[in-house]
Structure formats: structure tokens, C-alpha cells
Amino acid sequence: MFVVQKSNSKSKNTIKIGFLSHFARTGSTYLSTRINSHNKIIVIPEARILNEIKKYFIYNKNNLNKDKIIRLLSNLYNDTKFKSWKLNKLELTEFIISKDIKCWQNLFYYICIFYKNKKKPEANTIIFKKKESYKYFIEFHKIYKLSFIIFMIRDPRAIYYSSINLKHSITGKTFFKNFFDLSFKWNHFIYHLFKTYKKNKQNFKLVKYENMIDNFEETIIDLLKFLNIINLNKNEIYYKELSFLKKDNKFSLISENDKHLHLNIRKKIMVNNNLKWINKISFNKRIFIFFLCLFFIKKLKYNF
């Protein structure tokens, strides 16, 4: 359904920054944890900085002096998740004010660069993991042409089953109030997925949870090709490129508060296990979710 074209950039030293936009319980942390083991990739865990940065720039009409930028950076540390990145505030501030910051895209870009330089300086591909990052990708791409976006999706009925008894680490509430709530939010997310795809097909990548589980190595190889980290023909033996998956990550993407949400993160994938939700939720709930999400379920080729 989706066709990805390669970037025209041939520079080996170019730092690319992209977004991983995901819905709850779609395996985004599982995938991120593994690709983060690659020496050329660094995944930046979620934090509520994009909205704060953009709002601040809009409020100040993109007219920020050094003092305002320092104030904004200080405010970012009010976010627990940003604070968990463990970036020295003074060092970050000095790094940022040494740059030519003209728009929110510049500031976000350099924060990501600073994070990379501190955590994994050899990486040349940065992936910022955040559900709502699709809201910012198109504007970000106008400034940084090599930027990209990866969407992670899953059948909404499987998501409902996976999230029924899980509670959010911040709110303490279950992920979705009921299947109506789930269906509305899933439809909203998928709507923006297709909207983003129409605006920028070249730098767009779709990863389906079901494909990742049943064909994990192929999914990783396909993703590395999309990121221009490897460039191999189908006939070549490329699985030696996957040796990095055996490495341990030095940097965890999971906070202490979120560990209960990712109990299977280190377990071996169970293939052909994508339909276990069928016997776990009632037929009525399955049918309601199916019809509430029918348009996009069909578009994404999920079966009844």
C-alpha cells in the first residue's frame, strides 16, 4: 500500500532526525529498544517538549532573544520525562545559545543533536518517539528536508485486548474508558496517518505490529533500508546486518513508572500469536469495534 522512496542525500556525515509516531500498545517500545542497539541509530524517548517549544515560539512570534531561549529551556525541565533524559541543564543551555535559533524546528533539532552527542555520538540517525509527533512532522520537514516519519499501527481489537487491564503511569487510569473511546482515538490517529502520507510519501514509513511480530527480521531490515543505513539488494545475504540486535542497550527507553507496561520487552517474540484477542474479548465488543473502525480497518487490510 505504501511506497517509500529513498532520500537523495549522499552525505555520510549528515545527521537525520525523524519521528516515530505510534498508537498505544503497538509495539513501539519493543521496536525502539531493539533498533536503538544499532550504533548508527539513537532513539530519544518520549517527552512533552514539542508542544511546549512550538507554543513558546508562536507566543513570542519567533522573536526570541537569548534570555527567552534560556527561560524556555529551563521550563522544559518541569516535564518529568524530559528530566529523565538526564541532560545537564547548564551544558544544554550553553550549547543551544551558541546556535542560530530562528524557529521551533531549530531548537528541537539542536536539543536532539545535544542528546545524541551525549548518549551516542557515533549515531547519524535520530528517532524521536512520540505518539502525537505527526502533528509536527510536516512543518519540521519544511526546514529539515531529510527528516522522516515512521508510523506504528495495530488492529484496534488487539489494542483493546492488550490495554484492558493496564493503567497509565501518570494518570493512573486505564488507557481507554471503553471500546467507543478506543475506536474514536484509533480512527483519529489513522486519519492523520493517511493525511501525513498524502503530504509526504517519500519520507513516510508504515510498520504494522502484526508484520513485526511474525516477520521481525524482515521488518528490521526493511526499516534499516528506509533509513539508508543499509543498501542491499534482495538477493544479497543481509542477515549479518542484524547482529546488532544481540547487543545490550546502554540507555533504557523505559522509565521506572512505565516498566509495568512493558513486561515482555526482553522476551522472545511469539510468532503467529496476533489473533489471541479473538477468544479474549466478547463477540459483541469485537463486532462493535470492527464496525466503528470499519473504514480504516478495510483500508489497512485487517480481516474480520
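What this report covers is the structure whose coordinates are included nearby. All values reported here derive from a predicted model rather than from experimental measurement.

Rules behind the numbers
- Residues numbered from 1 in each chain as written.
- Predicted model: local features only at pLDDT ≥ 70, side-chain atom pairs only at ≥ 80, totals over all residues.
- Heavy atoms only, no water.
- Helix = DSSP H or I, 4+ residues; strand = E, 2+ residues; numbered from the N terminus.
- Buried < 20%, exposed > 50% of the residue type's maximum accessible area, 1.4 Å probe, protein only.
- Contact = heavy atoms within 4.5 Å.
- Axes fitted to C-alpha atoms, helices over the stretch in contact; angles between N-to-C directions.
- Parallel < 35°, antiparallel > 145°, perpendicular 65-115°, else oblique.
- Left-handed = near helix turned anticlockwise from the far one by under 90°.
- Nonpolar A, V, L, I, M, F, W, Y, C, P; charged D, E, K, R; others polar.
- Pairing = 2+ DSSP bridges.
- Salt bridge = Lys/Arg side-chain N within 4 Å of Asp/Glu carboxyl O.
- Patch = residues over 30% accessible without salt bridge, like charges linked within 9 Å, V, L, I, M, F, W, Y side chains within 5 Å.
- Areas by Shrake-Rupley, 256 points an atom, 1.4 Å probe, with all protein chains shown as cover.
- Lys, Arg positive; Asp, Glu negative; His and termini not counted.
- Charge placed at Lys NZ, Arg CZ, Asp CG, Glu CD.
- Phe/Tyr/Trp six-rings, centres within 6.5 Å; stacked < 30°, edge-to-face > 60°.

**Examining the environment of R48**
So, step 1. With respect to the helices and strands, R48 occurs in the loop between β2 (41-44) and α2 (50-59).
So, step 2. Looking at R48, the relative accessible area reads 43%, which means it is partly exposed.
So, step 3. Separated by 32 residues in sequence, R48 and T80 have C-alpha atoms that sit 9.0 Å apart.

**Section: the side chain of T196**
So, step 1. Examined against the element boundaries, T196 turns out to sit in helix α9 (residues 179-199).
So, step 2. For T196, a relative accessible area of 5% gives the class buried.
So, step 3. In this view, T196 contacts Y134, F137, I138, I149, F151 and F204; residues no more than four positions away in its chain are not counted.

**Topic: the packing of α2 against helix α3 (residues 66-76)**
So, step 1. Orientation of α2 relative to α3, taken along the N-to-C sense of each, is 150 degrees, at an axis distance of 10 Å. As judged from the angle between their axes, α2 and α3 are roughly antiparallel. Crossing of α2 against α3: the hand is right-handed. In contact with E52, I53, Y56 and F57 of α2, α3 contributes K68, R71, L72 and L76.
So, step 2. Tallied by class, the residues present in the contact of α2 with α3 amount to five nonpolar, no polar and three charged.

**Here we look at the pairing of strand β4 (residues 148-153)**
So, step 1. Taking burial as the measure, the six residues of β4 include six buried ones, the bulk of the element.
So, step 2. Burial along β4 is two-sided: the face carrying F148, I150 and M152 and the face carrying I149, F151 and I153 are both buried.
So, step 3. Pairing geometry for strand β1 (residues 16-22) and β4, over five bridges, is parallel. Within β4, the position partnered with S21 by the bridge is F151.
So, step 4. In the sheet, β4 pairs with strand β5 (residues 204-208) via five bridges, with the strands oriented parallel. From the neighbouring strand, F151 faces β5, where its bridge partner is L206.

**Here we look at unusual backbone geometry**
So, step 1. The backbone of N62 shows a phi angle near 60 degrees, a positive value even though the residue is not glycine.
So, step 2. Mapped onto the fold, N62 is located in the loop between α2 and α3.

**Re the sheet that holds β4**
Working definition: the strands of a sheet are paired by backbone hydrogen bonds and lie parallel or antiparallel to each other.
So, step 1. Read across the sheet, five strands follow the order β2-β3-β1-β4-β5 without closing on themselves; strand pairing throughout is parallel. Only two strands of the sheet have a single partner each, and these edge strands are β2 and β5. Taking each pair of neighbouring strands and ignoring which way they run, the sheet shows an average axis angle of 20 degrees.
So, step 2. One ladder, built from five bridges, connects β1 with strand β3 (residues 125-129); its direction is parallel. Among the inter-strand pairings, G18 is bridged to a residue of β3, identified as I127.

**Notes on the pattern of salt bridges**
So, step 1. A complete count under the given rule lists 10 salt bridges for this structure.
So, step 2. A salt bridge links E52 to K55, with the shortest nitrogen-to-oxygen separation between them at 3.9 Å. Here E52 and its partner K55 are both found in helix α2, three residues apart, which amounts to about one turn of the helix.
So, step 3. Relative accessible area serves as the criterion here: at 45%, K55 is assigned to the partly exposed category.
So, step 4. In this structure, D100 and K102 form a salt bridge, with 3.6 Å as the shortest nitrogen-oxygen distance.

**Re the environment of N62**
So, step 1. Judged by relative accessible area, which is 44%, N62 ranks as partly exposed.
So, step 2. Distance from N62 to C103, taken between C-alpha atoms, is 5.9 Å for residues 41 residues apart in sequence.
So, step 3. Residues in contact with N62, not counting those within four places in the same chain, are F57, K102 and C103.

**As for a positive patch on the surface**
So, step 1. Among the surface-exposed residues, K142, K145, K195 and K199 lie close enough to one another that they form a single positively charged patch.
So, step 2. One can find K145 in the loop between α7 (134-143) and β4.
So, step 3. Accessibility expressed as a relative area gives 53% for K145, which makes it exposed.

**Description of the packing of aromatic side chains**
Given two aromatic rings, one states the distance between the centres and the angle between the planes to describe the pair.
So, step 1. The final tally for this structure, using the stated rule, is 32 aromatic pairs.
So, step 2. With centroids separated by 5.4 Å and ring planes inclined at 45 degrees, the aromatic side chains of F95 and F114 adopt a geometry described as tilted. Separated by 19 residues along the polypeptide, F95 in helix α5 (residues 89-97) and F114 in helix α6 (residues 104-119) bring together distant segments of the chain.
So, step 3. Residue F95 is classed as buried on the basis of its relative accessible area, which comes to 19%.
So, step 4. We classify F114 as buried; its relative accessible area is 5%.

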